[in-house]
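Each chain is listed here by its residues.
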Amino acid sequence: MKCSKFRNRLTLYVGGDLPEKEMIKLSEHLDKCPDCKAELEKLKSFKETVNDIAQSDIPNPLPSDFTSNVYDRIMENHIKKTIPKRRRWHFAQWKPAVAFGAIAALLLITTGMLYNINKEQKKIAALMYEQVKRIAEKEHSLVRLDDSSIYMKYLEGIHRYDEWKPSGETGIFVILHRKDPANDPYTYNIEFIGESEKILYNRTFLENQSISDLVSRTGSKDNIYIGIYPMPDSSPSERRRIAGALIKKYKPHFNRGI
Amino acid sequence: MKYENNENIERAQNGDLGAFRKIIEQHSQKIYSIAYQMAGNSDDASDIAQEVFIKLFNSLGKFDRKYNFTTWLYRVTVNMSIDYKRKNTRHSNIPLDEINETSIIGNCSSEPDSGLERKELKGIINKVTELLTEKQQKVFVLRDLQGFSTEEISQILTCRQSTVRVHLAKAREQVRNELMKYYPERLNIKANREDNR
C-alpha cells in the first residue's frame, strides 16, 4: 500500500483511535518507512501539546452556590410558565422596588433566612409560591404541608421514616405525618421540628420523643415521614434560629413544652 | 464510561428533590468541564451547566432508565453548548484572567517559562475550535480535551465510530495546521528531538 494511504490515518494512529487491525497494519508500515515515521513524530508533538493544554487548562471553580442557583432558576421557570398572563401583567405594573422586594423575599426564603420579611414582600412571595406549589403538587416534586407554607419548599426527601437511611447531614429535620393518604396523599402534618449537626436516628426525633409516642398518636408507622433541610457548615445558633421560627409558625405537637 | 446508579434517578423521577440534588452534585463538575471546553470560558460554561440541569429537571420524568443516563446527560451538554454559542456572540475571546494562576504555576515546574505560552496556546486552540464544524468541534473536545474513547463518543453523539473517526481526523488536521502557523518551533522541537535519538 502507498504511503499516502497510511499518512491519512496517522492523525488517528497517534491517539490510538484506529481499530486494532489497522493499528497493527500501520505499525508494521511505520517500522519500514522512515518518512511516515518522521511525520508521526511531528504528530506526536502536536498531540502532546494538545494533551498538555487539556490537562493544564482548568476553569475557575464552579460557584459554590451553583446547586441553589439551579434550584432557584427551576422555580423561576415554573413561575414564568404558571402565573397567568393577566396576573403577570399586574406584577409588571408594580413599582420596581416592590418587584425587587419580591425577588429578595424569594431569595431569603430559599436560603432559609426567614426574618424581616415585610408584609408586602410576604404577600408577593406567597403569590409566587402558590404558583410553584400548584405545579409541584402535580408533579409530586414537592410536599404540600398542612399550612400555606412558604418556608419549607426545599425539604430534602421526604423519606418514609422506617425506610430512611440517615447520612449524617447537618441541618433541620421535620417529622411529618400523612393524615389521609388515600384521599389527600400530598398533605402532611408537621409533628416535630428539630436541628442537628449530624442527623442520625438516635440524635433526631428520638432524642426528645419516642417514635412510639408518634405511632400511638398517628395510629400507624406507615405514614410517618422525615424531611431534611440541609444546612451544611451552619452553626448551632443559626439552625436553632431557623428551627425556632418554623416551630413558632407551625406549632408542631411534639415541640410543645420543649 | 461510568454507569449511573439508577436509584437516585428513580427517586428524582418520583419527585425526591434530595435525590435530584445528589445528581447535580455528582455530575456538575464534569458537565461544567465539558461546557468549558466547548464554550471556552468559565462564565458561559457555568450558564450552560445550569441550563443542562434545568432541562434535566424538566425532562427527567420522560427519561427511560434502560438507557445510560450519563451518556444522555453528556449529549445534552454538548448540544446545549452548541445552542448557547449560536445564541451568544461573546464567546470569541478567552479573557486573559481565565486561566487561573495556580494552574499555570502548578504545571510550570518542568518548563518554567511555558505558562504564558500555554495560555496563548489555549487561546489559539479556543479560536481554532470555533473554525471547526459543530460535529468536528464536539468530537475534538470530547476526545482530545476530555479524553473520552471513540466508542464512548459514538454513544454520546449517537453515531458510528467510523463517523467519529472521520470528524476527529479532520478536526486534528485543522487544529494542527493552525497551531503550526503560530508555534512551528514548538511542534517541531519535540519531533526533531525524537529524530536525533
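All values reported here derive from a predicted model rather than from experimental measurement. (Residues numbered from 1 in each chain as written. Chains lettered and ligands numbered in written order. Predicted model: local features only at pLDDT ≥ 70, side-chain atom pairs only at ≥ 80, totals over all residues. Heavy atoms only, no water.)

## Re the overall build of chain A
So the rule is basically this: What counts as a helix is a DSSP run of H or I of at least four residues, what counts as a strand is a run of E of at least two, and both are numbered from the N terminus. Exposure classes here rest on a 1.4 Å probe applied to the protein chains alone. A residue is buried below 20% of its type maximum, exposed above 50%, and partly exposed in between. Any two residues having at least one pair of non-hydrogen atoms within 4.5 Å are treated as being in contact. What sets the accessible areas is the Shrake-Rupley method with a 1.4 Å probe; for residues, cover comes only from the shown protein chains.
Scanning chain A from terminus to terminus reveals 10 helices and 5 strands. Buried positions account for 47% of the 258 residues belonging to chain A. Residue pairs in contact within chain A that sit at least 24 positions apart in sequence constitute 70% of those at least 6 positions apart. Carbon together with sulfur atoms contributes 51% to the accessible area of chain A, which is approximately 13,900 Å² in total.

## Notes on the overall build of chain B
Within chain B, the regular secondary structure consists of 10 helices and 0 strands. When the 197 residues of chain B are sorted by exposure, 56% land in the buried category. A separation of at least 24 residues holds for 67% of the contacts in chain B among residues at least 6 apart in sequence. Per element, the accessible surface of chain B, about 9,400 Å² overall, is 47% carbon and sulfur.

## What to know about helix H7 (residues 134-145) of chain B
Residue and element names in this part refer to chain B. Defined as follows: Expected helix span is taken as 1.5 Å per residue step, with the number of steps being one fewer than the number of residues.
Under the 1.5 Å per step criterion, the end-to-end length of H7 is 15 Å for 12 residues, consistent within 8% with the ideal 16 Å. Here H7 lies mainly inside the structure; 10 of its 12 residues are buried. Taken as a whole, H7 has its buried residues at Gln136, Gln137, Lys138, Val139, Phe140, Val141, Leu142, Arg143, Asp144 and Leu145. Immediately beyond the C-terminal end of H7, within one or two residues, lies Gly147, with a positive phi of roughly 80°.

## Comments concerning the confidence of the model for chain B
Caution applies to low-pLDDT regions: their predicted coordinates should not be interpreted in detail. Residues and elements named next belong to chain B. Let me state the cut-off plainly: For every residue, the predictor assigns a confidence score, pLDDT, that lies between 0 and 100.
Scored by pLDDT, chain B comes out at a mean of 79, with 76% of its residues at no less than 70. Helix H8 (residues 150-156) holds the highest mean pLDDT among the elements of chain B, 96, whereas helix H5 (residues 101-106) holds the lowest, 33. Under a pLDDT of 50 for its full length, residues 91-113 has, in the predicted model, 41 contacts with residues more than four places off or in other chains.

## Examining the packing of helix H2 (residues 17-39) of chain B against helix H3 (residues 42-59) of chain B
All names here are of chain B. How we decide: Only C-alpha atoms enter the line fits that serve as axes; for helices the fit covers just the stretch in contact. Angles between N-to-C directions range over 0 to 180 degrees. Angle categories are assigned with fixed cut-offs, so that under 35 degrees is roughly parallel, over 145 is roughly antiparallel, 65 to 115 is roughly perpendicular, and the rest are oblique. Crossings are assigned a handedness: left-handed for a near helix turned anticlockwise from the far helix by less than a right angle, right-handed for a clockwise turn. Amino acid classes used here: Ala, Val, Leu, Ile, Met, Phe, Trp, Tyr, Cys and Pro are nonpolar; Asp, Glu, Lys and Arg are charged; the rest, including Gly, are polar.
In contact at an axis separation of 8 Å, H2 and H3 are set at 140° when each is read in the N-to-C sense. Our classification of the angle between H2 and H3 gives oblique. Once H2 is placed against H3, the crossing between them reads as right-handed. Between H2 and H3, the residues in contact are Leu17, Phe20, Ile23, Ile24, His27, Ser28, Ile31, Tyr32, Ala35, Tyr36 and Ala39 and Ser42, Asp44, Ala45, Ser46, Ile48, Ala49, Val52, Phe53, Leu56 and Phe57, respectively. Its residues placed into classes, the contact of H2 with H3 shows 16 nonpolar, 4 polar and 1 charged.

## With respect to the packing of aromatic side chains
Residue and element names in this part refer to chain B. Operational definition: The criterion for an aromatic pair is that two Phe, Tyr or Trp rings (for Trp, the six-membered ring) have centres within 6.5 Å, with stacked assigned to planes under 30 degrees apart, edge-to-face to planes over 60 apart and tilted to the rest.
Applying the stated criterion to the full structure yields 7 aromatic pairs over all chains. Each ring, one from Phe69 and one from Trp72, has its centre 6.0 Å from the other, and the planes form 45°; the classification is tilted. Of the two residues, Phe69 and Trp72 both sit in helix H4 (residues 69-87), 3 residues apart, roughly one turn of that helix. No difference in accessibility class separates Phe69 from Trp72, as the two residues are buried. Taken together, the ring pairs in this structure connect Phe63, Phe69 and Trp72 into an aromatic cluster.

## Some remarks on the side chain of Ser196 of chain A
Cut-off, in case you're wondering: We call two N or O atoms a polar contact when they sit within 3.5 Å, provided that within protein one can donate a hydrogen and the other can accept it, with sequence-adjacent residues counted only if both atoms are side-chain atoms.
Relative to the assigned elements, Ser196 of chain A resides in strand E4 (residues 187-196). Within the structure, the side chain of Ser196 of chain A is placed 2.9 Å from the backbone oxygen of Lys198 of chain A, a separation counted as a polar contact.

## Quick look at unusual backbone geometry
A positive phi angle, near 45°, is found at Thr158 of chain B, a position not held by glycine. With respect to the secondary-structure elements, Thr158 of chain B resides in the loop between H8 and helix H9 (161-182).

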